[in-house]
Amino acid sequence: MGLKKLDVPTSSITEVKKSPMDVFAQARKADTGVYVFNREKIAGVMLTKEQYEALIEELTTLRDTLYQPVERELPVPEELEELATALRTTLAKGSVISARYLDERMVATGFITKKTGFGGVTEMMKELEDSGKIVYQLRRREHNKVIYAEIFGEDQEFQRAAADKLMIRKVNLIER
């Protein structure tokens, strides 16, 4: 896939070495970044401090907008309200936790662990990636029904050291 020709100022590594401030002035004047070439290939883009900060602010705003939960929590049958409250207190919306800690909290609340067998946490994160949620089954039955907890979340892999972390978006209880 070739690079589309854009109406963007360009410079070379040599020019950047000679006078980086001239390249920043070029970016400021054009009100955009300057492509910096090294041997006919784009090596990077130079921006002014203000341009960079504006991009970061815009990106943060877009992420905040995109990551707003769209699903609503389902109404909970009265007999499950205590369990739902315990889960929602333990797994607060917007909190970022590790998959291991999520599993420990779910087990402590009476659900069957997801960490057993081959894969454990990796399988939990794959389930989250595939469906947007991790589903747990309650150990005991309530009124001859199996109870499931759906933990909706977002994988936080964009944080390098957080490969097994997720942000809680919603917790639902379902009877079947």
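Residues numbered from 1 in each chain as written. Predicted model: local features only at pLDDT ≥ 70, side-chain atom pairs only at ≥ 80, totals over all residues. Heavy atoms only, no water.

Student: For the pattern of salt bridges, give the residues involved together with the corresponding values.
Tutor: Tallying each qualifying case throughout the model produces six salt bridges. Asp130 is the partner of Lys126 in a salt bridge, and the nearest nitrogen-oxygen pair spans 2.8 Å. Within this pair, Lys126 and its partner Asp130 are both found in helix α6 (residues 121-131), separated by four residues, close to a single helical turn. Judged by relative accessible area, which is 54%, Asp130 ranks as exposed. A salt bridge links Glu150 to Lys133; its shortest N-O distance comes to 2.7 Å. Linking Glu150 in strand β6 (residues 147-155) with Lys133 in strand β5 (residues 133-137), this pair joins segments that are 17 residues apart in sequence. Its relative accessible area of 8% is what places Glu150 among the buried residues. (Salt bridge = Lys/Arg side-chain N within 4 Å of Asp/Glu carboxyl O. Helix = DSSP H or I, 4+ residues; strand = E, 2+ residues; numbered from the N terminus. Buried < 20%, exposed > 50% of the residue type's maximum accessible area, 1.4 Å probe, protein only.)

Student: Outline the nonpolar core, supporting the account with residue identities and numerical values.
Tutor: Counting 25 residues, the largest nonpolar core has Leu91, Leu102, Met106, Phe111, Tyr136, Ile151 and Leu173 as its most contacted members. Contributions of two or more residues to this core are made by α4 (81-90), α5 (99-108), α6, β5, β6 and β7 (165-175). Among residues more than four places away in sequence, those in contact with Leu173 are Val76, Leu80, Leu83, Ala84, Leu87, Phe111, Ile147, Tyr148 and Ala149. Core analysis: the second largest hydrophobic core is formed by six residues, Val23, Ala27, Val34 and Val36 among them. (Core = buried A, V, L, I, M, F, W, Y, C linked by side-chain atoms within 4.5 Å. Contact = heavy atoms within 4.5 Å.)

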